[in-house]
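# Per-entry structural report
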Amino acid sequence: MGRFVIRRLLGTVLVLFAVSVLTFLIFNVVPNSDPAQRMAGKNATPELIASINEEWGFNDSLPTQYVTMMKKIFTGELISYEGREPVDERIVEGIPATLSLCIGAAVIWMFFGILFGYLSAVKAGGWLDTTLTVVAVAGISMPVFWLAAILLNYLAYKTGIFPSQGYVELTENPLDWAYHLVLPWVTLAILYLGFYSRVLRSTMLDVMNEDYVRTARAKGLSERRVMRKHVMRNSLIPIVTLFGLDFGALLGGAILIEKIFNLNGIGQYAEEALANFDLPPIMAITLYGAFFVVLFNSLVDIAYAYLDPRIRLGESAQ
Amino acid sequence: MSAESLLSVRDLRVGFVTEGGRLQAVDGVSFELAPGEVVAIVGESGSGKSVTAQTLIGLTRSPNSRIEGSVRLRGAELIDADDEELRKVRGEQIGMVFQDPMTSFNPVYRIGAQIAEAIRAHRPETSKAEGRERAIELLDSVGIPNAAQRVDDYPHEFSGGMRQRAMIAMALALEPDLLIADEPTTALDVTVQAQILALLARLNRERNLATILITHDLGVVAEVADRVLVMYAGRVVERGTLDQIFYDPQHPYTWGLLGSLTRMDRDRPERLPQISGAPPSLLDLPTGCSFRPRCPHEFDRCTELPGLEARLADAPSHLDRCWLEPERKRELRLVEGEIGLEAPAP
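Residues numbered from 1 in each chain as written. Chains lettered and ligands numbered in written order. Predicted model: local features only at pLDDT ≥ 70, side-chain atom pairs only at ≥ 80, totals over all residues.

### Concerning the overall build of chain B
Regarding its fold elements, chain B presents eleven helices and twelve strands. Along the first, second and third principal axes, the C-alpha set of chain B runs to 65 × 45 × 40 Å. Among the 346 residues that make up chain B, the fraction classed as buried is 46%. Sequence separation of 24 or more characterises 63% of the internal contacts of chain B that already satisfy a separation of 6 or more. (Helix = DSSP H or I, 4+ residues; strand = E, 2+ residues; numbered from the N terminus. Buried ≥ 20, exposed ≤ 12 C-beta atoms within 10 Å, placed from the backbone. Contact = placed C-beta atoms within 7 Å.)

Here it is, written out as structure tokens:
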């Protein structure tokens, strides 16, 4: 376990370094990204641009600029170009909304994804399986902005059942919090649910052909117990993998959904920053998101070792 | 059905619908098993021996299979038993051991827990601690050293031979009267094979455990079986006592199987004889005798399927499916390399 943690920590540092360098470089090579030009406005005099360049250190070499920016990110002194506000405050502000969105949606998609996948596999070939397959494929195929627009149109604008936008703090009013999040949760969950149920179904059908499942039947276990104890447990590894990757990536912000439902989370902040070529928040959010992806990858490996005793952390779990 | 019969199989037929069409994997298998008796079912891959064994406890039931005939365990019909009746028979009255001990245990649960699970499936009142205690006793009884510690091992921490011992322990957890062993030694190396066979023989002796042994290895059969069924392409082609099959085999397929054994009492041949050709596809069986295309003694009558009948006046329990005259068979066997002629049964 100790070796595993050390290796993972080293890996995390490397990944974050690579991600930050890439983001920084890409920003500096895309056209029309000169920050001084943008900050100075449309009719800027060359003197103004020169003074901005001087003040913000844009004249320094790229490596120097990079090091300065990284220092600021980790000391919390990062100021955005657009609006000149502290980036870390905006990110901290956005965390509750993004976290609420992701956790709620994950609960829904994991519950229904596993339920639908299980039922499909157990009743493979039957009408229930066919129905769930259609539902799953429809869910996978619908673009999130389209689905969100349809839900908003029918469940918010036309009927007023749900609010169309905004985020209410959980601490302020838990009911209102959930009420405002129902549509974003459902939209996001549908996106993943179909895929998860398909993956679970196919894994379970594979596992059902394993010798040990036949053994379980031969010793007189009920079909239900065979499915739940022997088939399910061995079918969870791909689901856990997917979940770790998807959930980790979502914590870095669900850009489209946050934007459509105006949740003011990290994703929406990222969208804003991208639209304005605002490098400091882009860097910070990218690192923040990458950190969760790497973190959840490690958690997935720990979950593997728990799910399958043949896997030992730090050895076969790469 | 005789009074002392434990298991009575009558005209068992198992068909499957596959992508290539309908096939008859088992085509009219019948046999009786007395308490404490060991019957071996012998044949090549695809002969239907494993399907026969698995069908006895309903493991081949599926929307794609069609199962006909009768399997009676102490008079109770199993073929049309519902799932719950069948569940009670599995493990409790009939234990089963499979070919590959590497894959027959669930890799994610401890050996002891998997044995205890079998017990608790039939005796729900058993506590976890009692189940574990019983698992230790069982592992000990099949010769797992240090069973009290090994009970908490995962399957991958056991060697192949130990796993097969543990499988046998699990199959015997509820003291069934019948053990079905489906190629129990095939995946093991030779020394371990011998140990497992010795274990099976001991259990048979000590517990009067009736056993159906599925194998393609006549050497294994010779060690433990009382009676033998030889299967080919879904049908029984010869059935008799161990001595009848080994000393007076009647079907050319049985000769082929016996002829391809290495023998300590003969000079080593240049090449080990083999049966030419491959088993026929069950989707495209020849008319008449299924062995006909591979049989060196085929003649015109073979296009008609011979019944499984007693053809020897002095051995009414010895049945076979071959049109050749018994006298002619004796001559042919001499020519073919003296298969099974010396040392007639006393």
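Structure shown, so let's carry the discussion forward.
### Here's the deal with the domain arrangement of chain B
Residues and elements named next belong to chain B. When cut into domains, chain B gives domain 1 (35-58 + 80-93 + 177-314 + 321-346) and domain 2 (102-175). Relative placement of domain 1 and domain 2: their C-alpha centres are 31 Å apart. Domain 1 puts eleven residues into the contact, and the matching count from domain 2 is 14 residues. No other element matches the five residues that helix α7 (residues 190-207) contributes to the side of domain 1 that touches domain 2. For the side of domain 1 that touches domain 2, the per-class residue count stands at eight nonpolar, two polar and one charged. (Domains from an automatic or database assignment. Nonpolar A, V, L, I, M, F, W, Y, C, P; charged D, E, K, R; others polar.)

### Let's talk about the interface of chain B and chain A
Taken residue by residue, the interface counts 24 residues in chain B and 20 residues in chain A. Mapped onto the side of chain B that touches chain A, the elements with two or more residues apiece are α2 (83-89) and α3 (111-122) of chain B. If one sorts the elements of the side of chain B that touches chain A by residue count, α3(B) sits on top with four residues. For the side of chain B that touches chain A, a count of residues per class yields eleven nonpolar, six polar and seven charged.

### Let's talk about the sheet that holds strand β5 (residues 76-77) of chain B
All names here are of chain B. The antiparallel open sheet is built from four strands, whose spatial order is β2-β1-β4-β5. Strands with a single pairing partner mark the edges of an open sheet, and in this sheet they are β2 (21-33) and β5. Of the pairings in the sheet, the one linking strand β1 (residues 7-18) to β2 comprises ten bridges and is antiparallel in character. Residue Gly-15 lies in a different strand from β2, and its bridge partner there is Gln-24. Contacting β1, β2 and β4 (65-73), helix α1 (residues 49-56) crosses the sheet at an angle of about 70° to β2. (Pairing = 2+ DSSP bridges. Axes fitted to C-alpha atoms, helices over the stretch in contact; angles between N-to-C directions.)

### Re the nonpolar core
Grouped together as the largest cluster of nonpolar side chains are 142 residues, with contacts concentrated most on A:Leu101, B:Val42, B:Ile115, B:Leu139, B:Ala169 and B:Val230. No other element matches the 14 residues that helix α8 (residues 174-208) of chain A contributes to this core. Counting residues domain by domain, this core receives three or more from each of domain 1 (35-58 + 80-93 + 177-314 + 321-346) and domain 2 (102-175) of chain B. Apart from residues lying up to four places away in sequence, B:Ala169 is in contact with B:Ile115, B:Leu138, B:Leu139, B:Ser141 and B:Val142. Formed by 13 residues, the second largest nonpolar core is a distinct cluster that contains A:Leu78, A:Val87, A:Ile266 and A:Met283. (Core = buried A, V, L, I, M, F, W, Y, C linked by C-beta atoms within 7 Å.)

### Focus on unusual backbone geometry
Residue and element names in this part refer to chain B. A positive phi angle, close to 50°, is found at Glu-175, a residue other than glycine. Among the secondary structure elements, Glu-175 is positioned in the loop between α6 (160-171) and β7 (178-182). Phi is positive for Glu-183, which is not a glycine, with a value near 50°. Residue class for Glu-183 comes out buried when judged on the 21 C-beta atoms lying within 10 Å of it.

### Re the packing of helix α5 (residues 87-122) of chain A against helix α10 (residues 223-251) of chain A
What describes two packed helices is the angle between their axes and the distance between those same axes. Residue and element names in this part refer to chain A. Remark: α5 packs on α10, axes separated minimally by 11 Å, with the N-to-C direction vectors making an angle of 150°. Taken together, the axes of α5 and α10 are roughly antiparallel relative to one another. Crossing handedness for the pair α5 and α10: right-handed. Where α5 approaches α10, its residues Thr-98, Cys-102, Ala-106, Met-110, Tyr-118 and Val-122 are matched on the opposing element by Met-227, Met-232, Phe-243, Phe-247, Leu-250 and Leu-251. Class assignment of the residues belonging to the contact of α5 with α10 gives a composition of eleven nonpolar, one polar and no charged. (Parallel < 35°, antiparallel > 145°, perpendicular 65-115°, else oblique. Left-handed = near helix turned anticlockwise from the far one by under 90°.)

### Focus on the environment of A:Ile255
Following the sequence through the fold, A:Ile255 ends up in helix α11 (residues 255-260). Along the sequence, A:Ile255 and A:Ile114 sit 141 residues apart, while their C-alpha atoms lie 26 Å from each other.

### Some thoughts on the sheet that holds strand β3 (residues 38-42) of chain B
Residues and elements named next belong to chain B. One open sheet accounts for eight strands, arranged β6-β7-β8-β3-β9-β10-β12-β11; its pairing is mixed. The open sheet terminates on both sides in strands that have one partner only, identified here as β6 (94-97) and β11 (309-310). As defined by bridge partners, β11 adjoins strand β12 (residues 319-320) across two bridges and the pair is classed as antiparallel. Each residue of the ladder has a partner; that of Glu-309, found in β12, is Asp-320. Along the sheet, helix α10 (residues 252-259) makes contact with β3, β9 (227-232) and β10 (235-241), crossing β9 at roughly 105°.

### Some points on the pairing of strand β8 (residues 210-215) of chain B
Residue and element names in this part refer to chain B. Counting buried residues along β8, six of its six residues qualify, which places the element largely inside the surrounding structure. Residues Ala-210, Ile-212 and Ile-214 of β8 are buried on one face, and the alternating residues Thr-211, Leu-213 and Thr-215, pointing to the opposite face, are buried as well. Relative to β8, β7 runs parallel, the two being bridged by five bridges. Paired with Ala-181 across the bridge in β8 is Leu-213. This β-α-β element, β7 to α7 to β8, shows right-handed connectivity. (Right-handed = clockwise from strand over helix to strand, strands pointing away.)

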